[in-house]
Amino acid sequence: MKRALLALTLVGAATLAEAAVERCYYLRDRHQSVAARLVLEHGRVAGKLAFLPHEKDGRRGRIKPAPLAQGGRAAVRYDYLIEGQRQRRDLIVRVRPDHFAYLDGEWREVPGSVYHERLKNPARARWSAPVPAVSCRLPALRRALEY
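Just so we're clear, the structure is a prediction, and the values are computed from it rather than from any experiment.

Inspection of every chain in the model, using the stated rule, returns 7 salt bridges. Several salt bridges converge on common partners, so that one network encompasses Lys-64, Asp-79 and Arg-88.

On to the nonpolar core. Ranked by internal contacts, the top residues of the largest apolar core, which has 26 residues, are Leu-38, Val-45, Leu-49, Val-76, Val-93, Val-95 and Phe-100. When residues of this core are traced back to their parent elements, those giving at least two are strand S2 (32–41), strand S3 (44–53), strand S4 (59–67), strand S5 (73–82), strand S6 (85–95) and strand S7 (99–104). If you tally residues by element for this core, the top one is S5, at 5 residues. Contact partners of Leu-49, with chain neighbours within four places excluded, come to Val-34, Ala-35, Ala-36, Arg-59, Arg-60, Gly-61, Ile-63, Tyr-78, Leu-91, Phe-100 and Leu-145. Of all hydrophobic cores here, the second largest spans 9 residues; its members include Tyr-26, Ala-35, Leu-141 and Leu-145.

Looking at the element boundaries, Arg-94 is found in strand S6. This buried residue, Arg-94, is left without a salt bridge; Asp-98 holds the nearest opposite charge, at 8.3 Å. In this structure, Arg-94 is in contact with Gly-71, Gly-72, Arg-73, His-99, Phe-100, Ala-101 and Trp-127, ignoring residues within four places of it in sequence.

What follows is about unusual backbone geometry. Most peptide bonds take the trans configuration, and most residues that are not glycine carry a negative phi. A positive phi is found at His-42, a non-glycine position, where the angle reads about 55°. Here His-42 shows up in the loop between S2 and S3. By relative accessible area, His-42 is classed as partly exposed at 40%.

This next bit is on the environment of Gln-32. By the secondary structure assignment, Gln-32 is in strand S2. Setting aside its immediate chain neighbours within four residues, Gln-32 contacts Leu-27, Phe-51, Leu-52, Pro-53, His-54 and Tyr-102. Within polar-contact distance, the side chain of Gln-32 engages the side chain of Tyr-102 at 3.4 Å.

Sheet analysis places S6 next to strand S9 (residues 116–119), joined by 2 bridges and oriented parallel. Residue Arg-89 lies in a different strand from S9, and its bridge partner there is Glu-117. For strand S8 (residues 107–109) and S9, the ladder comprises 3 bridges, and the chain directions are antiparallel. When the sheet's bridge partners are listed, Trp-107 is paired in S9 with Leu-119.

What counts and how
Residues numbered from 1 in each chain as written. Predicted model: local features only at pLDDT ≥ 70, side-chain atom pairs only at ≥ 80, totals over all residues. Heavy atoms only, no water. Salt bridge = Lys/Arg side-chain N within 4 Å of Asp/Glu carboxyl O. Core = buried A, V, L, I, M, F, W, Y, C linked by side-chain atoms within 4.5 Å. Buried < 20%, exposed > 50% of the residue type's maximum accessible area, 1.4 Å probe, protein only. Helix = DSSP H or I, 4+ residues; strand = E, 2+ residues; numbered from the N terminus. Contact = heavy atoms within 4.5 Å. Lys, Arg positive; Asp, Glu negative; His and termini not counted. Polar contact = N/O pair within 3.5 Å; in protein donor to acceptor, adjacent residues only side chain to side chain. Pairing = 2+ DSSP bridges.

These figures capture arrangement, not role.
Pasting the structure below:
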């Protein structure tokens, strides 16, 4: 019962028996573009995510399936490609029908693991600017997520 109520809250009156809900988010500001195509299904989130700083190499990759907590928060594993190298980052995200956000702060390498990062101090991290929901057919979003 608790899971069903959580699913109703997170996917906007959908039930666990229904098909997956796809949501897309895109933001372009003076520093970078952020694009996400997320799939919400059975109380879990997965999808594609791209961070494209202007005049620099970007990060494009996948969010591995992770459970959504109440309020749309999830601790996800983001496997991405940057400058031809595969890396991994543990992100904390917040998924809502009208926007998507992530915690950002100082990062540290996970001991004993090459190219795997975590927030150094999640309590001091700040939420990113909200990345607004957009149509999944938006050409800029589709270009950003191609890799």
